[in-house]
Number of protein chains: 4
Amino acid sequence: MIEKYSIRTDLALEQKERFESDQVEVQGVVLEEEVDEEREIKITTVKIETENGAKAMGKPVGTYITVEAPNMAVPDEEYHREVSVELMKFLSRLMKEEKKDCSVLVVGLGNRKVTPDALGPYVVDNLNITRHIVREYGKYAMGEDEVDLVSAIAPGVMGQTGMETVEIIRGVVNETKPDVIIAIDALAARSSKRLNRTIQIADTGINPGSGVGNHRNAITEETVGVPVLAIGVPTVVDAATIVNDTMENFLAALEESETLKGVGVVLQGYSATEKYELVKELISPHLNGLFVTPKDIDETVKRISYTVSEALNLLFSKRTCT
Amino acid sequence: MIEKYSIRTDLALEQKERFESDQVEVQGVVLEEEVDEEREIKITTVKIETENGAKAMGKPVGTYITVEAPNMAVPDEEYHREVSVELMKFLSRLMKEEKKDCSVLVVGLGNRKVTPDALGPYVVDNLNITRHIVREYGKYAMGEDEVDLVSAIAPGVMGQTGMETVEIIRGVVNETKPDVIIAIDALAARSSKRLNRTIQIADTGINPGSGVGNHRNAITEETVGVPVLAIGVPTVVDAATIVNDTMENFLAALEESETLKGVGVVLQGYSATEKYELVKELISPHLNGLFVTPKDIDETVKRISYTVSEALNLLFSKRTCT
Amino acid sequence: MIEKYSIRTDLALEQKERFESDQVEVQGVVLEEEVDEEREIKITTVKIETENGAKAMGKPVGTYITVEAPNMAVPDEEYHREVSVELMKFLSRLMKEEKKDCSVLVVGLGNRKVTPDALGPYVVDNLNITRHIVREYGKYAMGEDEVDLVSAIAPGVMGQTGMETVEIIRGVVNETKPDVIIAIDALAARSSKRLNRTIQIADTGINPGSGVGNHRNAITEETVGVPVLAIGVPTVVDAATIVNDTMENFLAALEESETLKGVGVVLQGYSATEKYELVKELISPHLNGLFVTPKDIDETVKRISYTVSEALNLLFSKRTCT
Amino acid sequence: MIEKYSIRTDLALEQKERFESDQVEVQGVVLEEEVDEEREIKITTVKIETENGAKAMGKPVGTYITVEAPNMAVPDEEYHREVSVELMKFLSRLMKEEKKDCSVLVVGLGNRKVTPDALGPYVVDNLNITRHIVREYGKYAMGEDEVDLVSAIAPGVMGQTGMETVEIIRGVVNETKPDVIIAIDALAARSSKRLNRTIQIADTGINPGSGVGNHRNAITEETVGVPVLAIGVPTVVDAATIVNDTMENFLAALEESETLKGVGVVLQGYSATEKYELVKELISPHLNGLFVTPKDIDETVKRISYTVSEALNLLFSKRTCT
């Protein structure tokens, strides 16, 4: 059903769920689930192992770990610290570099001036930056034998800079030669239920849009020359997605409705394509460029940005490359 | 049709349009339109003259001037200055006070940290504040014979302060005794087409929600003791509104559809209430507390806040009370 | 020596030190010191007990607790948490109210847009605000038997509002009837060594300038009607203070200098007043309205604001009024 | 007199004045003055023409235009617009590139979170960015035959990024190949009288510290590969500078004082070096890393940032390269 792929989600987990709801088996994609009952944290690992799997999923080959922590939307400092520790462990697990004195560039993607897009810049604001200190005074200045050299940038968005973000990152990488990049970005989810309570970690970098193939604007090992870990938190849903979802529910309800049985009978006579056409003409073109986000997005983004920056500071205080 | 009133709009103009689309004549409500072809500005004045009109409209008796300027979303400085001049004239027209050395308190409502809600605080950031200067050095310090005493506050929202905004404003009014309040607020529109290109000026103050009756949280002459002019710009649409609109379009389309003629025939057999129930059960409860806004909201809110603050600075450099 | 009193310090401790350096005994002022060697925290309590003491000290009768924690300028999260706990204890100690369901208004004084003056507004940004929740859902909504009702405001400075801050606070107090106010402010120190490593807590409210007598702009129990606890952190030194200090050192050095023995001999022949005149004519009038602050003030103010807001959140999670 | 050169000023004009006050003729440095009486604007052009001149001045060979406009500290919109036009003319004059479809990278240096250092980032916030539009839709999308491609970045400071700013800029230049860079920076002046009322434009780029020789951290044609125009506005004075100035005045006064004639006689017997030693030991080491700035720096920096961004937007709407 073609319309399904037109719906935007940045979460591999949600993409996988779509196939499951259609009871389609996707070759080359492996899913593992783990639940930490006590802390109400659910970990889902989606591994896309083949190019076919990548094509079907619309996302590159790689590992996508999703941490669902419903209480993350709530101001409980201790709980957030536990999530930080979990995050830190998964980041370590995805890290492939083995190197002494690892140099990490953290990239805070997004627009600091649009609240739900400010996650990346906010995370960068709270990092312990050390590269310049180690370079000037040596690693013993940090009181450690082995240290990460941490640098960071919040490059802004194209409307502010006139440049593709990947141009800026590639330039900075060429000059400063980090071993690995960790990129933080606000994502679009498919379901408003996931907003601000889900974190996705992937070893595939940042792939805007459907994300497979040669995207010149992707921030990946191919485009910038060093491995790119991505941390993403869904903070918005596309307006078109929310409308489309309701329409799909509506069509399903019509087909099953007792009250409107007659309508259901009629609709069952139409093909998926005919139904899709119906939906499409009803989704206003005015919805382009509109996003949906919660009213308390300022509090939530601030809180989650601390959770992520604490995870990174923990990671860097150990050894990022192993 | 009951559901119509459950749809939120802060614009009197949009409320009026709903009746027109239903070809309902509303008693006690007068509408005037004026079009400035050259500058593509459309002015609509809605006067609610009777309590019956107020009840029907869900808004208090008073005058609501709507300035629709499609190019306001565009970065054309000269155009914005023309809109500022228009705005200033309409503000003068609604002002009832006659007083020498008029004292004006500008209130920038909304949450500075959520971009589409930051309009009020941003306007306050760019005002020429004079009350403290005039009080300390006399009005001749301003180089004028007659001056306004301008004060301003951006009180924040309840989640930040723990207080109703009207509590703060009433307290400040009791202490500083302004002659008039001008309150600036970001509004919710019904149609995404109106976002960031419409300004509403009203002499009825700020009436949260449906706005008629004894709202303890309203900011009006009744609740704060001095006349309140309100300047509002729609920057968001409620998520539920956008979904509901699409559903209404959908139902209408079904009834008229050639392709799905049979469905239409069936639906025509159902009452408005039955159709409404269908819609309601399909609108996800997850949409509560979600709003829809454009991606470039940072640029637009910044630009419009200058337009409004320039209008106010022009107003104050003349004489606000006449 | 008259010039000494013209030097501005907001710290009672520094005022007391000036007398000691002159070996003057001040009647009605008691000083106690406590040192926590392990954590390198020094606590000094200055009690001004009589009106004579107040006159001599240029500060109202009351208790001033100064916490000096040199490492507070350093990003050590655990250390900051210990300082928060200390602060919380001292705040409890100074609190006089005894009341169930205590209502506290936190006031974040200062200008959010001038970094060293942003401490108060930043603290307010990170508080757990509860008054509106308790009022709407009852105290059991908080999961506690006894709760504080916490409200907060960052009123801005006179140049932004056109109003005296005390006018705004008094208005808000009249409307919302808190039992106690806690006001946070950035202070001016006398010595740059104290910047960003000292916190003063006082039960005398906020007293601008020399602070004794009927100051209409003070924020004290007299002016706003409820007790006012003040938390202050020195983040700036007046430019005139720094110059004056160097001049005093210079004069002292001249008198003792081996190299310039002759000069010392000459100077010893002159009175304090004559020397003071010399200094005064050399302190440029251009220094008025200038302040001195460290280059990393952004990091320091952010860090200390967390320390203070954590202390307050701890205090409110227990019982503020006892 | 060695101490003179240890005093920091980023203004070529002030460096030149120091020689004049010593009645020293500097070879290879030419000075021109122009006064616009009506608008109270004074233009001084310092041309450093030889390497000897550069050595003496402590600044590289090139042209430094200083615009002194005392009213720039005042909120008069019309006056600021006139200053913008002047600035634009001088920028054109210093531009050497001749090229169609000139590509300009604007760099907003400094720390957005420390008010007096935020000038560069604020200017970037208000530019019309066009590079991405022209690249995607062609220059006719801009409605012009000849357009500049404007890109911009506010890279942050080393404490935030862990990288030298020149590393970031060089990387971005290598990727995006601009024809010219315009860098905006907040400067340190020698005299507090010049703060916020002076703009320096130079064709020599940004030279931190004394600025001559091979500075790896300079942002100049040598280090980044394209010509760099610099726009600087003094917003701070080093704390050590202000103290030193007062000391010099003091020494001078002592030598001339009637009252303290004896001191003068003694001091005249000592060499400049001896006097310098005296000063040095009295300037507290605590002054390192401290700067002096006015209390209303938030308003001033905001206002001047508009003036500069308007000058740049005017320049780009014409043709930057000619």
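Below you will find a few notes about this structure.

Conventions we followed
- What you see as residue numbers is a count from 1 along each chain, following the sequence as written.
- Chain letters start at A and ligand numbers start at 1, both assigned in the order the entries are written.
- The model is predicted, so local features are restricted to residues of pLDDT at least 70 and side-chain atom pairs to those at 80 or more, both for listing and for counting; the totals for chains, interfaces and linings are taken over all residues.
- Hydrogens are left out, water is left out, and the side-chain values use all remaining heavy atoms of the structure.
- Numbering of helices and strands runs from the N terminus, with a helix taken as a DSSP run of H or I at least four residues long and a strand as a DSSP run of E at least two residues long.
- Take the residue count of a helix, subtract one, and multiply by 1.5 Å to get its expected span.
- Under the scheme applied here, a residue whose accessible area is under 20% of the maximum for its type counts as buried, over 50% as exposed, and between as partly exposed, the area being computed with a 1.4 Å probe on protein chains only.
- Residue contacts follow a heavy-atom distance rule, with two residues in contact if any of their heavy atoms lie within 4.5 Å.
- Counted as a polar contact is a pair of N or O atoms within 3.5 Å, where, for protein atoms, one must be capable of donating a hydrogen and the other of accepting one, and residues adjacent in sequence contribute only when both atoms are in side chains.
- The copies are overlaid by a least-squares fit using only the C-alpha atoms of residues whose pLDDT is at least 70 in both copies.
- By buried area we mean how much accessible surface two parts lose on assembly, using a 1.4 Å probe and totalling the loss over both.
- Each salt bridge in this description consists of a side-chain nitrogen of Lys or Arg and a carboxyl oxygen of Asp or Glu lying within 4 Å of one another.
- Gly counts as polar in this scheme, as do all residues outside two lists: the nonpolar Ala, Val, Leu, Ile, Met, Phe, Trp, Tyr, Cys and Pro, and the charged Asp, Glu, Lys and Arg.
- In summary, the pairing rule links any two rings of Phe, Tyr or Trp, Trp by its six-membered ring, whose centres are within 6.5 Å, and it sorts them by plane angle into stacked for under 30 degrees, edge-to-face for over 60 and tilted for everything else.
- Axis definition: a line fitted to C-alpha atoms, over the contacting stretch in the case of helices. Angles run 0 to 180 degrees between N-to-C directions.
- Under this scheme an angle from 65 to 115 degrees is roughly perpendicular, one under 35 degrees roughly parallel, and one over 145 degrees roughly antiparallel; angles in between are oblique.
- Throughout, a crossing is termed right-handed when the near helix is turned clockwise from the far one, and left-handed when it is turned anticlockwise from it by less than a right angle.

Another aspect to go through is helix α4 (residues 77-94) of chain A. Residues and elements named next belong to chain A. Taking 1.5 Å as the rise per residue, α4 with 18 residues should run 26 Å; its terminal C-alpha atoms sit 26 Å apart, in good agreement. Tyr-79, His-80, Val-83, Ser-84, Glu-86, Leu-87, Met-88, Phe-90, Leu-91 and Leu-94 are the residues of α4 that are buried. Against β2 (41-48), β3 (62-68), β7 (198-202), β8 (228-238) and α13 (297-317) lie the buried residues of α4. Regarding α4, its N-cap is Asp-76, as a side-chain oxygen of that residue lies 3.1 Å from the backbone nitrogen of Glu-78 further along.

Another aspect to go through is the relation of the copies chain D and chain A. In the superposition of chain D on chain A (RMSD 0.0 Å, axial shift 0.0 Å), the rotation amounts to 180°. The symmetry that links the two subunits is that of a two-fold axis. Relative to the rotation axis, the closest C-alpha in chain D is found at Gly-171 of chain D, a distance of 1.8 Å. Taken as a fraction of all interface residues of chain D, those also at the interface in chain A reach 100%, which identifies the copy contact as same-surface.

Facing the 27 residues of chain D at the interface are 27 residues of chain A. Buried area between chain D and chain A, summed over both chains or domains, comes out near 2200 Å², and the portion from carbon and sulfur atoms is 54%. When the buried surface of chain D facing chain A is broken down by residue, Met-163, Glu-167 and Glu-175 of chain D rank first, second and third, together holding 25% of it. If you look at where chain D meets chain A, you find eight salt bridges. Here Glu-175 of chain D ties to Arg-170 of chain A by a salt bridge, and the two come within 2.9 Å at their closest N and O atoms. Of all the elements in the fold, those that place two or more residues in the side of chain D that touches chain A are α6 (131-137), β5 (149-153), α7 (158-161) and α8 (165-176) of chain D. In terms of residues, the side of chain D that touches chain A owes the most to one element, α8 of chain D, which gives eight residues. Here the residues of the side of chain D that touches chain A sort into nine nonpolar, nine polar and nine charged.

A few words on the packing of aromatic side chains. Under the definition given, this model contains two aromatic pairs over all chains. Residues Tyr-306 of chain A and Tyr-306 of chain C carry aromatic rings whose centres are separated by 5.8 Å and whose planes lie at 85° to one another, so their mutual orientation is edge-to-face. One end of the pair, Tyr-306 of chain A, is in helix α13; the other, Tyr-306 of chain C, is in helix α13 (residues 297-317), on a second chain. Look at Tyr-306 of chain A and you get partly exposed, because its relative accessible area is 28%.

Before going further, it helps to examine the packing of helix α8 (residues 165-176) of chain B against helix α8 (residues 165-176) of chain C. Axis separation between α8 of chain B and α8 of chain C bottoms out at 7 Å; the angle between their running directions is 125°. Between α8 of chain B and α8 of chain C, the angle is such that the two are oblique. The two elements α8 of chain B and α8 of chain C meet at a crossing, and its hand is right-handed. For the pair α8 of chain B and α8 of chain C, the contacting residues are Glu-167, Ile-168, Arg-170, Gly-171, Val-172, Asn-174, Glu-175 and Thr-176 of chain B in the first and Glu-167, Ile-168, Arg-170, Gly-171, Val-172, Asn-174, Glu-175 and Thr-176 of chain C in the second.

Take Leu-105 of chain D: it is sitting in strand β4 (residues 103-108). Classification of Leu-105 of chain D as buried rests on a relative accessible area of 0%. Residues in contact with Leu-105 of chain D, not counting those within four places in the same chain, are Met-163 of chain A together with Ser-151, Ala-152, Ile-153, Val-172, Val-173, Pro-178, Val-180, Ile-181 and Ile-182 of chain D.

Attention now goes to the packing of α4 of chain A against α13 of chain A. How two helices sit against one another is set out by the angle between their axes and by the gap between those axes. Residues and elements named next belong to chain A. α13 packs onto α4 with a crossing angle of 50° between their chain directions and a minimal axis gap of 8 Å. Here α4 is positioned oblique relative to α13, judged by the angle of their axes. Crossing handedness for the pair α4 and α13: right-handed. Of the residues in α13, those touching α4 at His-80, Arg-81, Val-83, Ser-84, Val-85, Leu-87, Met-88, Leu-91 and Ser-92 are Arg-303, Thr-307, Val-308, Glu-310, Ala-311, Leu-312, Leu-314 and Leu-315. When its residues are assigned to classes, the contact of α4 with α13 shows ten nonpolar, four polar and three charged.

Residue and element names in this part refer to chain C. Applying the stated rule across the entire model yields 62 salt bridges over all chains. Between Glu-310 and Arg-81 there is a salt bridge, and its shortest N-O distance comes to 3.5 Å. In this pair, Glu-310 sits in helix α13 while Arg-81 sits in helix α4 (residues 77-94), placing the two residues 229 residues apart along the sequence. A residue is classified by how much of its surface remains accessible, and Glu-310, at 23% relative accessible area, is partly exposed. You can call Arg-81 partly exposed: its relative accessible area is 26%.

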